[in-house]
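# Fold and contact review
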Amino acid sequence: MNLIMMNHKLIKEALLIRRVEETFLELFSKGKLNGTVHTCVGQEFSAVAFAGQLKKSDFIFSNHRCHGHYLSFTKDIHGLIAELMGKKTGTCGGVGSSQHLCFENFYSNGIQGGIVPVAAGYALSNKLKNNNAIGIVFIGDGTLGEGVVYETMNIISKWEIPLMIVCENNSYAQSTPQSLNLAGDITKRAEAFNIKTFKSNTWDIDHLMNNAKESIEYVREQGKPVFHLVETYRLNAHSKGDDDRDKDEVEEYKKKDVLNIFAKADPAIYENYLNKINSKINDLVSNIENDADLDLKEYFKEEYKIENKYEWKSITNTNKRQVELLNTFFNKKLESDKQTVFLGEDVKSPYGGAFKVSKNLSTNFPSQVFSTPISEGALVGISNGLALNGMKPYAEIMFGDFITLAFDQIINHASKFHHIYNGKVTCPVVIRTPMGGRRGYGPTHSQTLDKFLIGIDNVVTLAINTFIDPSIIYESAHKENKPVIVIENKVDYGKKVGAYQSTNFSAIMSNCNYPIVKITPIKTTPSITIVSYGSSADWVSESLEAIFRETDLIPELIILTKIHPIDYTEVLNSIKKTRKLIVIEEGSISGGIGSEIIASVNELNEYPIITRRLGALEVPIPSVKSLENSVLPNIESLIKLIKSI
Amino acid sequence: MKPLKQIYVPQDSVNDTKLTVVGIIFKSGDFIKKGQTIIELETSKAVLTIESDTDGYIYYHCVIGQDVEVNKLIIEIFESQLQSNNLAVEKIIDKVIDEKVIEIMIENEKQNASTIFSHEAISLIKTNNLKETIFNDLYFVDKKIVEEKLGITEKVKKIEIVKELTNSTKFDNTEIKKVSSSKVVEIEYLSEVQACGLTSTLDIQINMVNFFESVNPHIKFLKGSPLPVIVFEVSRLLKKYNLLNSYFDNNHLHIYNEINIGIAIDINQGLKVAKIKNTDTFSVKEIDNKLYTLANLYLDKTLTKEDLTGSTFTITDLSGTTIYSFRPLVNKFNSAILGISNVDKATNKMILNMSFDHRVTEGKYVAEFLSELKERLESYSFQKNQSYNSKIQCSKCSKKLKDDINELGFIKIINKYGEDKYICETCLFS
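Residues numbered from 1 in each chain as written. Chains lettered and ligands numbered in written order. Predicted model: local features only at pLDDT ≥ 70, side-chain atom pairs only at ≥ 80, totals over all residues. Heavy atoms only, no water.

## Here's the deal with the interface of chain B and chain A
Between chain B and chain A, the contact holds 34 residues from the first and 33 residues from the second. Interface area for chain B against chain A, summed over the two sides, is near 2,900 Å², with a carbon-plus-sulfur share of 52%. Where chain B meets chain A, there are 2 salt bridges. Between B:D67 and A:K496 there is a salt bridge, and its shortest N-O distance comes to 2.9 Å. Broken down by element, the side of chain B that touches chain A gets its largest block of residues, 6 residues, from helix 1 (residues 99-112) of chain B. Across the side of chain B that touches chain A, the residue classes break down as 14 nonpolar, 9 polar and 11 charged. (Contact = heavy atoms within 4.5 Å. Buried area = accessible area lost by both parts, 1.4 Å probe. Salt bridge = Lys/Arg side-chain N within 4 Å of Asp/Glu carboxyl O. Helix = DSSP H or I, 4+ residues; strand = E, 2+ residues; numbered from the N terminus. Nonpolar A, V, L, I, M, F, W, Y, C, P; charged D, E, K, R; others polar.)

## Overview of the environment of A:I575
All names here are of chain A. Secondary-structure assignment places I575 in helix 23 (residues 569-578). Looking at I575, the relative accessible area reads 1%, which means it is buried. Those residues in contact with I575 that sit more than four places away from it in its chain are T529, K580, L581, V601, N605 and I609. (Buried < 20%, exposed > 50% of the residue type's maximum accessible area, 1.4 Å probe, protein only.)

## A few points about the sheet that holds strand 7 (residues 67-69) of chain B
All names here are of chain B. The antiparallel open sheet is built from 4 strands, whose spatial order is 5-4-2-7. A strand with exactly one partner marks an edge of an open sheet, and here the two such strands are strand 5 (47-51) and strand 7. Recorded for the sheet is a direction-independent mean angle of 40 degrees between the axes of neighbouring strands. Where strand 4 (residues 37-42) meets strand 5, 5 bridges bridge the pair, whose relative direction is antiparallel. Bridging across to strand 5, T37 finds its partner in E51. (Pairing = 2+ DSSP bridges. Axes fitted to C-alpha atoms, helices over the stretch in contact; angles between N-to-C directions.)

## Some words on the packing of aromatic side chains
For the structure on display, the rule yields 40 aromatic pairs over all chains. Between A:F355 and A:F399, the aromatic rings sit 5.3 Å apart at their centres with planes inclined by 65 degrees, giving edge-to-face as the arrangement. Of this pair, A:F355 sits in the loop between strand 11 (340-345) and helix 16 (361-364) while A:F399 sits in the loop between strand 13 (392-396) and helix 18 (407-420), and the two are 44 residues apart along the sequence. For the pair A:F355 and A:F399, a shared accessibility class is recorded, and that class is buried. Where B:F117 meets B:F135, the ring centres are 6.1 Å apart and the plane angle is 85 degrees; that geometry is what we call edge-to-face. Within this pair, whereas B:F117 is found in strand 9 (residues 116-117), its partner B:F135 is found in the loop between helix 2 (119-127) and strand 10 (140-141), the two being separated by 18 residues in sequence. Using a relative accessible area of 9% as the deciding quantity, one classes B:F117 as buried. Classification of B:F135 by relative accessible area gives buried; the value is 1%. Taken together, the ring pairs connect A:F59, A:F61, A:Y107, A:Y122, A:F417 and A:Y421 into an aromatic cluster. It is A:K196 that lies over the ring of A:Y218; its NZ or CZ is 5.5 Å from the centre. We note A:K256 situated over the ring of A:W203; from NZ or CZ to the ring centre the distance is 3.9 Å. (Phe/Tyr/Trp six-rings, centres within 6.5 Å; stacked < 30°, edge-to-face > 60°. Lys NZ or Arg CZ within 6 Å of the ring centre and 35° of its normal.)

Shape is all these values report; function is a separate question.
What follows is the structure, given as C-alpha cells:
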C-alpha cells in the first residue's frame, strides 16, 4: 500500500464514481434509464487524477464514457443521475443523457474524435483571452482511428494551444482488441507532431496523480499541448451486454483494480465508505424518480415561415466588387469587435485566400487571423470551440466542395450543441464558402452543394448575391446566436455589387436582416414567379426581357438571401398573382432547394399553382467549357422549361 | 493602316470577367515609347499596369472608370498619327459610373422604360395589322393584351353596326310591340351561358326500331314518347359524366352533388323548365308519373318556385313536333342541355342534340356521353329481337325477362329439383 492509497479522499471519489455507474446499470436493468450506458468501471482514477486536479476555470471535453470525468470535475451527482433518468432536473434536462453532458466548463459528445478540435478551439479562445485557463480532452484508444484527431494534434502543436489530450487506453475499441485495429505506437503519434507526451496507468495511483499534476502544470506554464497516455482497463462491458473479452483476462484486471485491493485490505473502512455513498445515491435516486420530464414547449420553439410585411427600397449601386466589400467588412469587424476571429486555409497575406477575401487581414490583425493547415474538419471544429467559448469565428472553406470534410462538425456538433445541452450554450460560428461552376475548375472545385446545407436543424444558411452589399448580410450573421453557413460564389467575387440595370424591370430590396431582392416588371402584373439565389440570380436577372419575349410570360424574380429557414412571404405574394413558380438552383434538383420551396409553398398557399425546378444535370461538372455550360442551368434551359408549362 | 500593336484586356485572375480602367496615362494620338506604362486596370485582386513593348502613336478604346471585359480590344498603337475618326473605334457601350450618375440613372430608369413585346404578341399584331404604337402606354405587351385589344375593337364594331341598324330601321310597315317580361327574363336567363360564345352542339342519331314496342308496356302516361326512358338513362349517366351536371362561374367550376333534371315544357303557355328532384333515384315508371304530374301542374299554372328552380341539367323535348334536328340553348346554372327531336317514321331514327358550355368541357367528353346514351337507348330495341327473352321468366313472380326494362337482367339459379331457373332482381332482394 503506497502513500496515495492512504489518501482516502481519492478512494472515496473513485468509489463514488463506481457506485454511481453501478447504480446506472441497476436502473438500466429496471428500465428506468433511456438508451444505453457506457461505464468507466476500472478506469475511475484517470478521472480523479485529471479532472479532479484542474481548476474551476479550466475546461473538459469528454466522450461517450464521460461520467467519471463529469463527477470528478463538477461534483454534480444529482445533475448526472437526473440526466440519465431523463428528468428535467438533469444537467441537460434529460435531453443529452449519458453521452451529452454540459455543466459549467464541462462538455461531452458521443461522436468519436469530433470533440478534439472543438476542445482545441475552446483552448485557443482561452489563449486569446490570456486567462491562464487550460483544458483537457479525453479520448479512448479507439478514437485514434479518427483523422480529425491528427489534424488537431498538428494544429495545437503548431499554434501552441494549451490543451492536453488524455488518451485512456483500455485496449479495446468497443469490442475489437487493439491488436486488430492499431498500428505502431500511441505516444509516437503525438511525438511526431512535436507534442510533449506523458505515460501513466490506473494501477500506480501515486504516479498517476503526480504525473497528471505535472502534465497539467506543463500545459499551464508552457502554454503548450500535452499528450498523456493512461493505460487502464474497463472491468465492465463497452456498453450493455456487449462483452466478448476473455473472462480470465477480465478477472486478472479485477484483481489488479485499486478499489478492489483497498476493499480487501481494509474491509471495515471500505464498507463504511460504501454504505455512506450508497445511502446518498439511493436518496438521490428516490427523490429524482418523482421529478418531471422536460416539456416539449421548453425544448422546441416553432419558427414561423411567414414574417411581417417589409419595407422596400431601391438597390444601391456600390460600384465596388463583391470581394472588396467582403474584405472591407472583415477589416471593419476585426477592428471593431475583438472577439472576431478569421480562420481558413491560405488566408494569410500576401496570398490573402484563394479568392482574396482575406487580403491584408492577417497583416492588419495578426492575432485574430489564423491560416490553417489543409484540415477542414479541424478548422471548423476549432471554430466551433471558439464560438462555444465566447468568440465570433469566421471559418473559410476554400472551395465549397471541401465542406463535406467538415460535415461532422456542422451536423453533429455546431447544429446540436444548443439543444443537446438544453439551451445552456450557443455556438454562433459562421462558416463561409464559395460554391459554383462556370470557371472550368472541373468536378471537385465547381459543385454547388447547397442542397446538403439546407435543412440542417438550427443552422441558418445564407447565400449572398451581386445585388446586396454583402456587409448587410454579414452584419446580421454576426449577430446570430445560431451557427450560420454562408454560401458565396466564385464567379460573383469579381462582379460589382448593385450594378443591375434594366429599363423595364425595377430591382428593389426588403429592409430586413436578410434582405430579399425583387426584380419586378414596371407597372405591370407579372405572370410567372422565378425564385433564385446566389449567382444564379445574376444571369437570370439579365435574362428577364428575353424570357418575356420568348415565352409570353412576364417574369418577376425573387432572390432569396436566407435559404434556410426560408421566409416565404414574398414568394407567396408573387404566386398569388402569377400562379406559376419556377425555382432555379445551381446544383442538381432532386432533393434540393427547389423541391423544398415548392413543397412549402404548396402547403402555405391555398391556390393550385404550376411549379417547375431548374438545376444542373445529375453528373459531375465537367471542365470542358461548352459541356460545363450545358450541364449547368442556363438561359436556354430556363426558357425551354418555361415554354413547357 | 495596320496597327503595330493591339492590346486586349488580359485575364489575370480566373474569377474576373471584367476589369476596371483606373488609369489612362496618355491621350489618344500621343507618341509613346517602349517600356512606358500606358494603362492601369483594376482586377479583384490588384491593379495591373500594362507597358508598351513598342514605340508608336497610341489610341485608346476605353475611358477611365469603364468596366472592360476580358479579351476586349482597349488600345491600338500605330506607326504614324491617324487622321481623325479614321479609326474604326468601337462604340463604348459601358457607361462611366460615378455616384451622381447612379442617382440620375435610377431617376431615369422609369422614364426610359420602353414597350417590349413577346414574340407571340408580335405575330398576333402582324396578322391583325395592328400598329405597335397603340401599345405605347404599356411596358409589356403579351398575347393576352393584344387579344384584349382585338376584342375591344370587335365589340366597338358590333356596337357601330347595331347603331347603324337602329338608326335605319324606321320601317313604316312594322308594328312595334313590347317584349313580354317573361321573355325578357328568358333572354337574360339564356344569355348567361350563350353570351360567352363558347357553347357548342353535338348531334347523334338513335336507331328506334322496336323501341316503343318494348318500352310502352311499362309506361302509363307518356306512351309513344321516348322522354321517360331518356330522362331515366340520362339521370344515371350524369353520375359518370358529372361535368355536364355543373355550371361555370367566375373561372370556377361548380359541380352539383345531386341530379335534378329540368324538363323544358312549352304547351302554349310560355317556356318553363320544371325539375324532377333527385331524378336518378326513380324508375322509368316513376319518372313517367312525375312527368305527367309536372305537365298537369304546368297546365294548371300551379308550378311552384321549388319546381321551377334548381335544375342541374335540362332536357328539351320536341319529339311531338315534326322537327328533325335543332340547337338547344344552355340554361343559366347549367353546363349542358339535351334536345330530343321527332322520330323519323320512314327511317325509324331520331336525332339527339346536345349543347354544352365549352368552358366546362370539350366535344370529346360530350361525344362519349352521347355514344353511351345511344348504346343504352338502342338496347331497349334490341330486346325484342332476342326471341329467348320471352321464354325466360322469374321462377318466383313469373315476370318475363323482356319486361325487365331496367335492364338489370335475371339471375340463373338451380332449384331444389336441380333444374335451371331464373330469378328477377326484385324477387332476389325482397
